[in-house]
Amino acid sequence: MIRALLFLFAMCAGTVAAAQEFNARATVEAIRAEEDRLAVVLSQPVPWRVFVEADPWRLVLDTSEVDWSSADPTAVVVETDWRAGRIRAGWSRLMVELPGPMQVSQAWMETGDGTTITVELEEGAGPTGPLNPQTWEAAPPEEVPTTPRPRQTGDRPLVVALDPGHGGVDPGAERNGLTEAALMLRFARELSEVLTRRGHDVVLTREGDEFVGLRGRSTVARAAGADLMISLHADAVAGGGAEGATVYTLSPGNDSALAAEIAQRHARDDLLLGVEDVEAGDEIARILVELARAETAPRANALADALVGGLNGAAIRLHKRPRLGGKFTVLKAPDIPSVLLELGFMSNPRDLDNIASVDWRSRMAVAIADGIEAWAEADAAEALRLRR
Ligand SMILES: [Zn+2]
């Protein structure tokens, strides 16, 4: 049996070596996940690896970049929860929830008319490492910044990263046929216009309805040299009592049941990355990250306070506790002051009406821009003071 498997993987490796000459992104023609079998049909062969992870049990298929959003929904038959998207430059991941402890019994890729990767599973909790590592070139770990970015001092345009929450396979909250992902993208574009008119530079972490992993969002912001990042959300929460805008900063624990619910909702996306990537890096890298965060955290807190000030000034309705801390992965960039703004709750009818109203949104955009500018001015003054 083992010899047969080795032979199988040797054959896979041969197929894949030839496939690595392809540079174009593969598209998805079909995904079928049944109880003990996964089949993915791609437009072309790609390097790949497959493994199972526990807590919760899930099957992970990593490939060189595949455009998972290209799948025709009618060709996707997956009975359990699943996610797919880019995990880092050049690599994507498909994650399918499993009903319980399972292990990969065999996995292979066939090429012909299309390319099919088939994974067969059986019950059990066997080794969980990748079965076919020879087809997988590990990407270098994401660069950890070792020196803080030069702080803005007001002598150049401010670079604002706007992060429309969710997207692609992850629509976020859904009410009355509206999705949080679409509403936040529209609002990010409107806010971007207001900021651009005021002379600032803006980068969006996603331009369309696509999935971007939580850490990928800070990577986009960092690549653009962002001075700050605002993640935009309007989640729905259980109970329906919550209303008004809230600004979150990163904290080691969740400040309230509300923060815990929202952080947990967003943490589902972390499953895509898998535990080994969530706090990647060796001990030295970890210490550098902590040091950078210690510098960045007070600036993020000041940004959150300034935003609450801006919203207050524009008479935007705030939640009874508008400033909360939570364990949000998207806020973990060690070098960019980052906050998460819940514009309101899609589970609250009045908030939902507001978010759907063009007048309210333009008032909100101006209030946020005012908050950002108030922060930037104070932050620049402090940077100059520290320099002297
Ligand atoms: Zn959200």
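This text goes with the structure placed above it.
None of the values given here were measured: they were computed from a predicted structure. Each chain has its residues counted from 1, running along the sequence as written. Per-residue local features are limited, in this predicted model, to residues with pLDDT of at least 70; the limit for side-chain atom pairs, both in listing and counting, is 80 or more; totals at the level of whole chains, interfaces and linings are taken over all residues. Note that the side-chain values use all heavy atoms of the structure and ignore hydrogens as well as water.

Q: Explain the overall build of the protein chain residue by residue, including any values.
A: In terms of regular secondary structure, the protein chain is built from 9 helices and 18 strands. Buried means the residue's accessible area, taken with a 1.4 Å probe over protein chains only, is under 20% of the maximum for its type, while exposed means over 50%, and partly exposed covers the values in between. Residues classed as buried in the protein chain amount to 52% of the 388 residues present. The contact criterion used throughout is that any non-hydrogen atoms of two residues lie within 4.5 Å. Here the contacts in the protein chain between residues at least 6 apart in sequence split such that 76% fall between residues at least 24 apart. Where accessible areas are quoted, they stem from the Shrake-Rupley method and a 1.4 Å probe; at the residue level, only the protein chains shown are allowed to cover. Accessible area of the protein chain: about 17600 Å², with a carbon and sulfur share of 54%. For helices the rule is a DSSP run of H or I covering at least 4 residues; for strands it is a run of E covering at least 2, with both sets numbered from the N terminus onward.

Q: Can you tell me about the packing of helix α2 (residues 180-197) against helix α8 (residues 349-356), naming the residues and giving the values?
A: The angle between the axes and the distance between the axes are what describe a pair of packed helices. Between N-to-C directions, angles span 0 to 180 degrees; the directions come from axes that are lines fitted to C-alpha atoms, helices contributing only their stretch in contact. It is at 11 Å that the axes of α2 and α8 come closest, and there the two elements cross at 45 degrees. Compared by their axis directions, α2 and α8 come out oblique. Residues L183, M184 and R186 of α2 lie in contact with α8, whose contacting residues are L352, I355 and A356. Classes in brief: Ala, Val, Leu, Ile, Met, Phe, Trp, Tyr, Cys and Pro nonpolar; Asp, Glu, Lys and Arg charged; the others, Gly included, polar. Looking at the contact of α2 with α8 residue by residue, the classes come out as 5 nonpolar, no polar and 1 charged. Should an angle fall under 35 degrees it is called roughly parallel, over 145 degrees roughly antiparallel, and 65 to 115 degrees roughly perpendicular, with every other angle called oblique.

Q: Could you give me a rundown of the pattern of salt bridges, with the residues and numbers involved?
A: Put simply, a salt bridge is a Lys or Arg side-chain nitrogen that is within 4 Å of an Asp or Glu carboxyl oxygen. Using the criterion set out here, one finds 17 salt bridges in the structure. As a salt-bridge pair, R37 and E120 come within 2.4 Å of each other at their nearest N and O atoms. Here R37, found in strand β2 (residues 37-42), pairs with E120, found in strand β10 (residues 115-123); they are 83 residues apart in sequence, far enough to count as distant. Exposure remark for R37: the relative accessible area of 33% places this residue in the partly exposed category.

Q: A description of the sheet that holds strand β15 (residues 228-233) should follow, citing residues and the corresponding values.
A: When DSSP locates at least two bridges between a pair of strands, those strands are taken to pair. Ordered in space as β14-β11-β15-β18-β16-β17, the 6 strands form an open sheet in which the pairing is mixed. Looking along the sheet, the strands with just one partner apiece sit at the ends: β14 (201-204) and β17 (318-326). Each neighbouring strand pair of the sheet contributes to a mean axis angle of 20 degrees, computed without reference to strand direction. Its contacts with the sheet place α2 against β11 (159-164), β14 and β15, and it is angled at close to 165 degrees to β11.

Q: Tell me what's going on with helix α4 (residues 257-267), and back it up with residues and numbers.
A: Among all positions in α4, only L258, A259, I262, A263 and H266 are buried. All buried residues of α4 lie within an arc of 125 degrees about the axis, which places them on one face of the element. Opposite its buried face, α4 presents the exposed residues A257 and Q264, each directed more than 90 degrees away. The directions from the helix axis to the C-beta atoms are what the arc is built from.

In short, shape yes, function no, at least from these values alone.
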